[in-house]
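# An overview of the molecular structure
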Amino acid sequence: MTDTRYGAGDSGPGDVTPGPSSFPAEPPASALTVFGDRLELAGRYAELLATEGVVRGLIGPREAPRLWERHLVNCGVMAEMIPAGAGVVDVGSGAGLPGLVLAIARPDLAITLVEPLARRTSFLEEAVVVLELDNITVVRGRAEEVVGQVPGADVVTARAVAALDKLAGWCLPLAAVGGRLLAMKGSSAAEEIAEHAAAVTALGGGTASIRLCGDGLIDPPTTVVEIVKERHVVPGRRSASTRGGKRSRRG
Ligand SMILES: C[S@@+](CC[C@H](N)C(=O)[O-])C[C@H]1O[C@@H](n2cnc3c(N)ncnc32)[C@H](O)[C@@H]1O
């Protein structure tokens, strides 16, 4: 279900306490391109992840030395797909990936982080205060429970949350018609698209396409599955245009 390449999920409590070697390495050159004059702020977030994030079991200790490449830069390059001033909802933010990273890289964005687990929303709320980010709202809840509570988004992001059919079912209702789901995926993106095409259509999504972010900047570039929301479908119901067709698999 989740992509093992993105190991920043829940490592669970009981991981070793981070030592000095767990602190994030120096930022790579790509980080300056992604964060520009917000690089220092990104560095403070990296430090927060490597310390409190590890201690609270939100991120595995093995991730700490590779936070920049695998997490901050990897997520930050997705900003190139988001228009200026967009409203963004990040579903299943965990410790803030990619939503909090995007908020740092792009202060013009209005970002809502949706995360059901209190342990994680507490961390996110604290990070927002410590990093003095004024473009983030943290909402505790499951994506499917907060529809109507958050404004219809221009862009809904997600990384390592669920397979594409389930993800589309959670995320497309949070987007405005014409808005987009940007799902960070690994090497299985094309297979997932093929497997879940019917479900995505039934949920009001257009044809999914694969975009590569950070091409020429990072290797490999970040793979993003992009789905435009073409019509609104009441969650739990199939769209009128697909009714009568083959029943889609719903996560
Ligand atoms: C593997 S973690 C990934 C966290 C983060 N996106 C990352 O890449 O590090 C999956 C996250 O999705 C959250 N999640 C699971 N089901 C969800 C739902 N229905 N709505 C919103 N978030 C959900 C979990 O609580 C968890 O924080």
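Keep in mind it's a predicted model, so treat the numbers as computed, not measured.

### Structural notes on the UniProt feature "binding site: S-adenosyl-L-methionine" (unreviewed entry) in the chain
The residues that UniProt annotates with the feature "binding site: S-adenosyl-L-methionine" (unreviewed entry) are Gly92, Leu97, Ala143, Glu144 and Arg159. Along the chain, Leu97 falls in the loop between strand S1 (87-91) and helix H4 (99-105). Tracing the chain through its elements places Ala143 in the loop between strand S3 (136-140) and strand S4 (153-159). Ala143 sits in the buried class, given 28 other C-beta atoms within 10 Å. Setting aside anything within four residues of it in sequence, one finds Ala143 in contact with Val91, Val114, Trp170, Cys171 and Leu174.

### Considerations on the packing of helix H2 (residues 39-55) against helix H3 (residues 67-76)
Helix packing for two helices is described by the angle between their axes and how far apart those axes are. As a packed pair, H2 and H3 sit with axes 11 Å apart at the nearest point and diverge in direction by 120°. What the angle tells us is that H2 and H3 run oblique. Here H2 and H3 pass one another in a crossing that is right-handed. For the pair H2 and H3, the contacting residues are Ala42, Ala46, Leu49 and Ala50 in the first and Leu67, Trp68 and Leu72 in the second. For the contact of H2 with H3, the class distribution of residues is 7 nonpolar, no polar and no charged.

### Topic: H3
Within H3, 8 of the 10 residues are buried, leaving the element largely enclosed by the surrounding structure. Along H3, the residues that are buried comprise Leu67, Trp68, His71, Leu72, Val73, Asn74, Cys75 and Gly76. Summarising the contacts, the buried residues of H3 are in contact with helix H1 (29-35), H2, H4, S4 and strand S7 (222-228).

Cut-offs and rules
Residues numbered from 1 in each chain as written. Predicted model: local features only at pLDDT ≥ 70, side-chain atom pairs only at ≥ 80, totals over all residues. UniProt positions renumbered as here; feature names shortened; annotations may be inferred. Helix = DSSP H or I, 4+ residues; strand = E, 2+ residues; numbered from the N terminus. Buried ≥ 20, exposed ≤ 12 C-beta atoms within 10 Å, placed from the backbone. Contact = placed C-beta atoms within 7 Å. Axes fitted to C-alpha atoms, helices over the stretch in contact; angles between N-to-C directions. Parallel < 35°, antiparallel > 145°, perpendicular 65-115°, else oblique. Left-handed = near helix turned anticlockwise from the far one by under 90°. Nonpolar A, V, L, I, M, F, W, Y, C, P; charged D, E, K, R; others polar.

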